[in-house]
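Each chain, letter by letter, is given below.
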Amino acid sequence: MRSAHALAPDVHRSTSRSQPMKKSIYSLLLIAAASLAGGGSAIAQDKVMIGEPSWPGAKIIANLIQTVITTRLGGQAAIVPGTNPVIFAAMDGGKGDIDVHPDVWLPNQKSLTDKYVDGSKSVGLSKGAYEGRAGFCVPTYMVKDHKIKSVYDLATPDAQKLFDADGDGKGEIWVGAAGWASTAIHQVKVRDYGIGDFLAPTREDEAVFFSKLAAQIGKRKGVAFYCYTPHYVHKQFDVTMLEEPAFNAAKYKMVQPNEDADWMAKSKITVGDAPKSVHVAYSRSLERRNSQAAKFLSNIKLDTAMVSEWTRQVIVEKKEPADVVKAWISANPKIVDSWLGL
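Residues numbered from 1 in each chain as written. Predicted model: local features only at pLDDT ≥ 70, side-chain atom pairs only at ≥ 80, totals over all residues. Heavy atoms only, no water.

1. Focus: the overall build of the chain
Then comes step 1: In terms of regular secondary structure, the chain is built from 16 helices and twelve strands.
Then comes step 2: Across the 342 residues in the chain, those meeting the buried criterion constitute 47%.
Then comes step 3: Taking the contacts inside the chain whose residues are at least 6 apart along the sequence as the reference set, 75% of them involve residues at least 24 apart.
Then comes step 4: Here the chain has roughly 16600 Å² of accessible surface; of this, 54% comes from carbon and sulfur atoms. (Helix = DSSP H or I, 4+ residues; strand = E, 2+ residues; numbered from the N terminus. Buried < 20%, exposed > 50% of the residue type's maximum accessible area, 1.4 Å probe, protein only. Contact = heavy atoms within 4.5 Å. Areas by Shrake-Rupley, 256 points an atom, 1.4 Å probe, with all protein chains shown as cover.)

Laid out in structure tokens, this is it:
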């Protein structure tokens with residue numbers, strides 16, 4: 001259906017045959033205006049609160065969703081920081097505290113989708129998804145100069161020396177930021193691959209770690225870290241994802257900290273991750289509180305190349321996420337139209 005703006009040129013035709021059509025169009029526009037002003041049957045659309053996890057891709061997608069809602073749907077939207085469990089619990093509550101998780105990685109966050117998507121059915125997932133991969137990376141010069149090709153090459157006395165940045169006699173390996181489901185997964189991997197005997201797993205904010213990564217690479221020092229795609233690090237630096245045994249569900253048991261206080265003892269992972277399916281999640285309460293936004297969030301479909309390019313522009317070129325997504329939306333109206341069901 002065309003908007004009032006699309007109909008506007010018809011109103012200005014001057015032929016006498018168009019007069020009945022003009023009156024009809026004017027009547028429709030007046031009815032629509034009265035309805036939007038509260039004099040008709042239009043339903044008010046609630047403000048959409050978008051959760052913002054700490055990783056770059058999630059921050060950019062949060063801005064994308066906000067911009068589409070405010071510029072294409074004419075609604076209101078705001079971004080609020082939160083961790084995965086907090087965002088899901090708020091979406092489950094359905095009170096509008098947080099309505100959207102912009103970047104749900106499965107199976108990493110399966111415990112949360114099991115509870116709220118499949119269990120209480122209070123949260124929905126976008127039909128579309130993009131593929132992600134996760135593992136451990138090192139700078140490529142560590143592969144060439146020191147033959148560090150596999151995760152098992154990190155579980156050696158030589159690696160203990162090569163990756164000791166703080167000089168305490170034991171190496172370090174960054175497993176992610178606090179609150180990420182993937183951080184717990186890779187902490188278990190460090191233990192079960194035998195890496196933990198030689199490299200201590202560290203956790204800190206991604207921005208803090210990547211500042212240290214840049215410094216270490218600048219000095220051609222050893223650094224091992226959790227990595228994933230899409231991510232700007234693969235465009236900013238020459239890094240290699242280490243080999244891991246192929247995914248086997250029988251050898252991949254993960255209990256997340258939000259499921260059991262004894263999660264570490266009850267988890268065991270001796271193989272690599274399966275490819276990830278990354279979705280947008282939204283509170284199903286939006287289906288009655290803001291049906292337009294709910295439809296958009298159900299239909300949104302991103303791809304890996306798209307997200308990687310956005311993160312490169314934001315992190316490497318230092319552009320603002322809002323500016324990056326506004327430019328992309330302007331250049332790709334047909335894709336956005338498909339998300340909106342137009």
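Back to the text.
2. Regarding the state of the cysteines
A disulfide bridge is the covalent bond that connects two cysteines by way of their sulfur atoms.
Then comes step 1: As enumerated under the stated definition, the model contains one disulfide in all.
Then comes step 2: The partner cysteine of Cys137 in its disulfide is Cys227, sulfur to sulfur 2.1 Å. Handedness here is read from the sign of the S-S torsion; for Cys137 and Cys227, about 75°, the answer is right-handed. Here Cys137, found in strand β5 (residues 130-139), pairs with Cys227, found in strand β8 (residues 224-229); they are 90 residues apart in sequence, far enough to count as distant.
Then comes step 3: The class for Cys137 is buried, based on a relative accessible area of 0%. (Disulfide = S-S within 2.5 Å.)

3. A closer look at the environment of Gly94
Then comes step 1: Inspection of the secondary structure assignment puts Gly94 in the loop between α4 (84-93) and β3 (100-106).
Then comes step 2: For the pair Gly94 and Leu286, spaced 192 residues apart in the sequence, the C-alpha separation amounts to 7.8 Å.

4. Some points on the side chain of Gln216
Then comes step 1: On the secondary structure map, Gln216 appears in helix α9 (residues 206-218).
Then comes step 2: Those residues in contact with Gln216, other than ones at most four positions away along the chain, are Tyr141, Ala165, Lys221, Gly222 and Val223.

5. A word on the pairing of β8
A regular strand places its side chains on the two faces of the sheet in alternate fashion.
Then comes step 1: Where burial is concerned, most of β8 is hidden: six out of the six residues are buried.
Then comes step 2: Neither face of β8 is open: one carries Ala224, Tyr226 and Tyr228, the other Phe225, Cys227 and Thr229, and all of them are buried.
Then comes step 3: Pairing analysis gives five bridges linking β5 to β8, with the strands arranged antiparallel. The partner of Gly135 across the bridge, within β8, is Cys227. (Pairing = 2+ DSSP bridges.)

6. Comments concerning helix α8 (residues 181-192)
The periodicity of an α-helix, 3.6 residues per turn, causes residues three or four positions apart to be oriented the same way.
Then comes step 1: Across its twelve residues, α8 extends 17 Å between first and last C-alpha, which sits within 8% of the 16 Å expected from 1.5 Å per residue.
Then comes step 2: The element α8 is extensively covered by neighbouring structure, given that ten of its twelve residues are classed as buried.
Then comes step 3: For α8, every residue scored as buried is listed here: Ala181, Ser182, Thr183, Ala184, Ile185, His186, Val188, Lys189, Val190 and Asp192. (Expected span 1.5 Å × (residues − 1).)

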